[in-house]
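Residue-level structural notes
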Amino acid sequence: MVLRYGGDYNPELTPESVWDEDIRLMKQARVNLVTVGVFSWALLEPRDGEFEFGWLDRILDKLHAAGIAVDLATATASPPPWLSVAHPETLPEDMFGVRSWPGSRQAYAPTSPIYLAYSRRLVRQMAERYATHPAVVLWHINNELGAHTNLDYGPAAEVAFRTWLQQKYGTIERLNEVWFTQFWSQRYDAFSQVRPPRKAPNWRNPAQLLDFQRFSSDALLSVFLGEKEIVKAVNPDIPVLTNFIGAFKPVNYQQFAPHVDLVSDDSYPDPLDPRSPMLAAFARDLMRSLSGGAPWLLLEQAAGYVNWRPVNTTKRRGQMRAWSLQAVSRGADGIMFFQIRQSRAGAEKFHSGMLPHSGERSRVWRSVVELGADLERISAVEGQRATESRVAILFDWEAWWAIEEGSKPTPIDYYENVIRWYQPLYQANVQVDIIHPSHDLDQYSVLVLPNLYLLSEADATRIAAFVQRGGRLVATYLTGIVDENDHVAESGYLRGLESALGVWIDDFAALAKGAQAGPTSVDVTSETLGDFRGTEWSEYIEVTTAEVVARFCGLDVDGLPAVTRNRHGAGEAWYVATMPDDRTIARIIDGVRRDAGVAAVVEGLPGGVEAARRGDHLFIINQTDAGVVVDVPGRDLLSGRAQGPFDLGPFEALVLTDREES
Ligand code: GAL
């Protein structure tokens, strides 16, 4: 039983004479896994078809001799200059037709047959040489697929998009139907006329945009699958991963996750943002949900500062440890960094490493060594699953793409709105899964649907049945508005959830935003929730069977329902027709989950103190910079303290067990 600890190791960035020193330091920090070779293509294949593996052989052997395992990258993330000089058509193009140039990284069109042929030739070489190397325990396919190049509109994409559409629709008539091309004279006569949705004079066809997002995400998945097939053919026993990037809009990880052997995430919360612990918790809960509750890996984080925000501050004392333990508490079986040794030159020289420019005599290195020791103390958690969540937020990439496509009553920030509803669950330490609407719902007692704009009939029916059986549901405005093709149903809004919710939507009345003329909020009055102000949205709704919990007070919607609840079968469904303030959102969520009998992991902890359970381990993490006292039963594996009450300083944590000391 051992938790993984380590980071990206780029031996090509230091002279070979330093490698032994690197390894000595890794051992000192208890590093047991390193990701090698992510950006090494130009060194591994300096000229077309000429491979130089000597340096990689030597470092892999050294790492193995030191007992450090390797997550070996396929090295396809950054094609070498010679490839784009010989084949400029491998470079991606944006919607304006502007081609990206080499000189950075990820300069490839994901559907370029030439890029795919060259990258796969390299992967084959790598697999044949290293798939049985004893150091290699994981394959790291490509890197952060789509991080920089996710929507490519170039000639290769045009061909691939057509093929994708042909496979999806079969006939051009069907495409015309789904894309509703009778509108604005967009009818196609043949697939050969269809193109990626480049810059156009006015709004582009929304169904085309949605399909292009799907296609582009699929194209990145195909890059992954193509490489995976090659490494698996040589040795099927080595698990394969590629690093996700949290809730990353361009790539549909809900479709991607079933294809990786191990879910892994890269996570760079901003130390300046007070919401960072919550946003990180959301990403971790998403990863745990993507892996079906099984452990996952935190594959990249920063030991201190990053280099890509306008201002990049370092983590405060204890913060890196608190955020690392948070990942473990929410299912991570390993904590890794980008990167082991901070680079001395290049675009990332001011991105922290485990070993900073200031070397061993540094606060960052000391914190890295301490974390290595901490992870050893809690190694019994390895492999343990989190307890089953009873609350889920229904979260869907396709709904995200569709709702943010523009030409809507108001611009919606889907992720931001989801976070508003996640927040009270996070703050109350209620464990929550982040799942797709088609996910099995049996284990859940409460479902939250913030702005689930796109919803299939089948999923709506299953969600309504969930309520009928006794489940509790909270849905907000702009839920169930369109089907998978971005069409509004003949029957109107709410797609099959009307009787569960017991309301009928007559009309939308978006509220002004920012500097726009008009009211940006509306008063809402409620005896049970208290009065509050709604923002972003109001609606003209009528209740059919629901009871009115809160009413708009003012504007044209004066007196109309703003929040409703409806008994449906053995369950209850809430509808919220505006964006309440945080306090009211918390009241709604708290009431619903308590009615459903859903308990927090630990009730009543001081604000900013997190609790999460994995197997027989209870994690308590103080995410604030003030000391707190926590009285919870158990022995703390980190400090060795036998029992509470526990004083927790800023960013300190407990990992409690009731098991006897072994
Ligand atoms: C990731 C990437 C790493 C490194 C890191 C810096 O997106 O995978 O290679 O660039 O960001 O934060």
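Here's what I pulled together on the structure shown here. These figures come from a predicted structure and were not determined experimentally.

Let us now look at the pattern of salt bridges. Within this structure, the stated rule accounts for 44 salt bridges. Notably, a salt bridge pairs Lys168 with Asp211, separated by 2.8 Å at the nearest N-O pair. Taken together, the residues Lys168 in helix α6 (residues 155–169) and Asp211 in helix α8 (residues 206–234) connect sequence positions 43 residues apart. Judged by relative accessible area, which is 36%, Lys168 ranks as partly exposed. Ionic contacts of the salt-bridge type, sharing partners, join the residues Asp285, Arg288, Arg330, Asp433 and Glu610 into one network.

Our next topic: the packing of helix α10 (residues 276–290) against helix α11 (residues 319–329). Between α10 and α11, whose axes approach to 9 Å, the crossing angle comes to 30°. Between α10 and α11, the crossing angle belongs to the class labelled roughly parallel. Note on packing geometry: the crossing formed by α10 with α11 is right-handed. Contacts from Ser276, Pro277, Ala280, Ala281 and Arg284 of α10 reach α11 at Trp323, Gln326 and Ala327.

On to the site of the ligand, then. Taken together, Phe39, Arg105, Asn143, Glu144, Asp266, Tyr268, Glu300, Trp308, Phe338, Glu348 and His351 make up the full set of residues near the ligand. Taking Glu300, its side chain carries an N or O atom lying 2.8 Å from an oxygen atom of the ligand. Protein contact buries 95% of the 310 Å² of open area that the ligand shows by itself. Counted by class, the shell around the ligand contains four nonpolar, two polar and five charged residues.

This brings us to the sheet that holds strand β12 (residues 472–476). With mixed pairing, nine strands are arranged side by side in an open sheet as β10-β9-β11-β12-β19-β18-β17-β14-β15. Unpaired on one side and paired on the other, β10 (432–435) and β15 (532–535) mark the two borders of the sheet. With direction set aside, neighbouring strand axes in the sheet form an average angle of 20°. Of the pairings in the sheet, the one linking strand β14 (residues 521–525) to strand β17 (residues 547–553) comprises three bridges and is antiparallel in character. Following the sheet pairing, Asp523 is matched in β17 by Cys553.

Calculation notes
- Think of each chain on its own: its residues are numbered from 1, step by step along the sequence as written.
- Local features in this predicted model are restricted to residues whose pLDDT is 70 or higher, and side-chain atom pairs enter the listing and the counts only when it is 80 or higher, whereas totals over whole chains, interfaces and linings include all residues.
- Calculation of side-chain values draws on the structure's entire complement of heavy atoms; hydrogens and water are dropped beforehand.
- Whenever a carboxyl oxygen of Asp or Glu lies within 4 Å of a side-chain nitrogen of Lys or Arg, that contact is scored as a salt bridge.
- Starting at the N terminus, helices and strands are each numbered in turn, a helix being any DSSP run of H or I of at least four residues and a strand any DSSP run of E of at least two.
- Using a 1.4 Å probe on the protein chains alone, a residue whose accessible area is under 20% of its type maximum counts as buried, one over 50% counts as exposed, and one in between counts as partly exposed.
- The convention used is that axes are lines fitted to C-alpha atoms, helices contributing only their stretch in contact, and that angles between N-to-C directions extend from 0 to 180 degrees.
- Just so you know how the angles are binned, under 35 degrees is roughly parallel, over 145 roughly antiparallel, 65 to 115 roughly perpendicular, and the rest oblique.
- In this scheme, a crossing is called left-handed if the near helix is turned counterclockwise away from the far one by less than a right angle; it is called right-handed if the turn is clockwise.
- Two residues form a contact once any of their heavy atoms are found within 4.5 Å.
- Being near a molecule or strand, for a residue, comes down to having at least one heavy atom within 4 Å of it.
- Here a polar contact means two N or O atoms within 3.5 Å. Within protein one must be a hydrogen donor candidate and the other an acceptor candidate, and residues neighboring in sequence count only if both atoms are side-chain atoms.
- Using a 1.4 Å probe, the Shrake-Rupley method yields the accessible areas, and only the shown protein chains count as cover for residues.
- The nonpolar class holds Ala, Val, Leu, Ile, Met, Phe, Trp, Tyr, Cys and Pro. Asp, Glu, Lys and Arg form the charged class, and all remaining residues, Gly among them, are polar.
- Being paired, for any two strands, means DSSP has found at least two bridges between them.

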